[in-house]
Amino acid sequence: MERGERLDAQEAALDALLAALGVQVRIEPDERVAALAARAPGYEQYHRIGHKRQAAYRHLAGDRAAVRAHYGPVLEALLTDDDPSSPRWLAQVLVVAGGRRRLQEELVAAVEAGGPLRRACAAGAWRWADAPYEDLARRFRAACREGAQNAADPWVRERLADRAGAPER
């Protein structure tokens, strides 16, 4: 899956989440972003996504009722975030509102039965789901191994393979 496709999916999920929350994000033009985008295609979108993710997080942090009411769109945004570090923000609010076991079950289910992007993003988000339950950790590693073996997309295969043998935290 190409980076542009992944960014489009991630931005669409964040837009849906922000719309459900009734949050509007205004991003001012920035010469530095434009200069970086000239050298790194996609950077403008990546930058915009960061602002949207933080706006959603700021709105949801400390408001368990809002996270519970919008659990599905928050989870969808998490399962389209392929950045190695940023999923921690949405994972954190999901753990606080729904519990770490619920989030880990959702991530395992996504790796077991989701599409390529959901599988890879769930594998990346696993580390932010807090200390794993051993039964879920075993299922997660097994699903990552199987997914990596069956993945047609090299990016997805690599993401799943990296997590298949990941040590417990």
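Right above here is the structure, for reference.
What comes next is a walk through the structure. (Residues numbered from 1 in each chain as written. Predicted model: local features only at pLDDT ≥ 70, side-chain atom pairs only at ≥ 80, totals over all residues. Heavy atoms only, no water.)

This next bit is on helix α7 (residues 100-113). The terminal C-alpha atoms of α7 lie 20 Å apart, and with 14 residues this matches the ideal 20 Å at 1.5 Å per residue to within 8%. Residues of α7 that are buried include every one of L103, Q104, L107, V108, A110 and V111, and no others. The buried side chains of α7 occupy one side of the element, clustering within an arc of 160 degrees when seen end-on. Its buried side turned inward, α7 meets α5 (71-78), α6 (87-98), α8 (116-125), α9 (134-150) and α10 (154-164). (Helix = DSSP H or I, 4+ residues; strand = E, 2+ residues; numbered from the N terminus. Expected span 1.5 Å × (residues − 1). Buried < 20%, exposed > 50% of the residue type's maximum accessible area, 1.4 Å probe, protein only. Arc of directions from axis to C-beta. Contact = heavy atoms within 4.5 Å.)

The geometry of helix α2 (residues 31-39) relative to helix α3 (residues 43-60) is characterised by a closest axis approach of 8 Å and an angle of 135 degrees between their N-to-C directions. By the criterion of interaxial angle, the relationship of α2 to α3 is oblique. Together, V33, L36 and A37 of α2 and Y43, E44 and H47 of α3 make up the contact between the two elements. Within the contact of α2 with α3, the residues separate by chemical class into four nonpolar, one polar and one charged. (Axes fitted to C-alpha atoms, helices over the stretch in contact; angles between N-to-C directions. Parallel < 35°, antiparallel > 145°, perpendicular 65-115°, else oblique. Nonpolar A, V, L, I, M, F, W, Y, C, P; charged D, E, K, R; others polar.)

The next thing to look at is the nonpolar core. Ranked by size, the top nonpolar core spans 50 residues in total, and within it L60, L78, L94, L103 and L107 carry the most contacts. Ignoring sequence-local partners within four residues, the contact set of L78 consists of P87, L90, A91, L94, L103, L107, C121 and A125. (Core = buried A, V, L, I, M, F, W, Y, C linked by side-chain atoms within 4.5 Å.)

The next subject is the state of the cysteines. Applying the stated criterion to the full structure yields zero disulfides. With no disulfide partner, C121 has as its closest neighbouring cysteine sulfur the one in C144, 12 Å distant. Judged by its relative accessible area of 0%, C144 is buried. (Disulfide = S-S within 2.5 Å.)

Right, let's talk about the side chain of R159 for a bit. Counting through the fold element by element, R159 comes out in helix α10. For the buried R159, no salt bridge is present, and the opposite-charge side chain at shortest range is D82, 4.8 Å distant. If we skip the residues at most four places from it in the chain, R159 touches D82, A120, A123 and G124. (Lys, Arg positive; Asp, Glu negative; His and termini not counted. Salt bridge = Lys/Arg side-chain N within 4 Å of Asp/Glu carboxyl O.)

As a packed pair, α5 and α7 sit with axes 12 Å apart at the nearest point and diverge in direction by 55 degrees. What the angle tells us is that α5 and α7 run oblique. Relative to α7, α5 is oriented so that their crossing is right-handed. Between α5 and α7, the contacting residues are Y71, L75 and L78 on the first element and R102, L103, E106 and L107 on the second. Grouping the amino acids of the contact of α5 with α7 by side-chain chemistry returns five nonpolar, no polar and two charged. (Left-handed = near helix turned anticlockwise from the far one by under 90°.)

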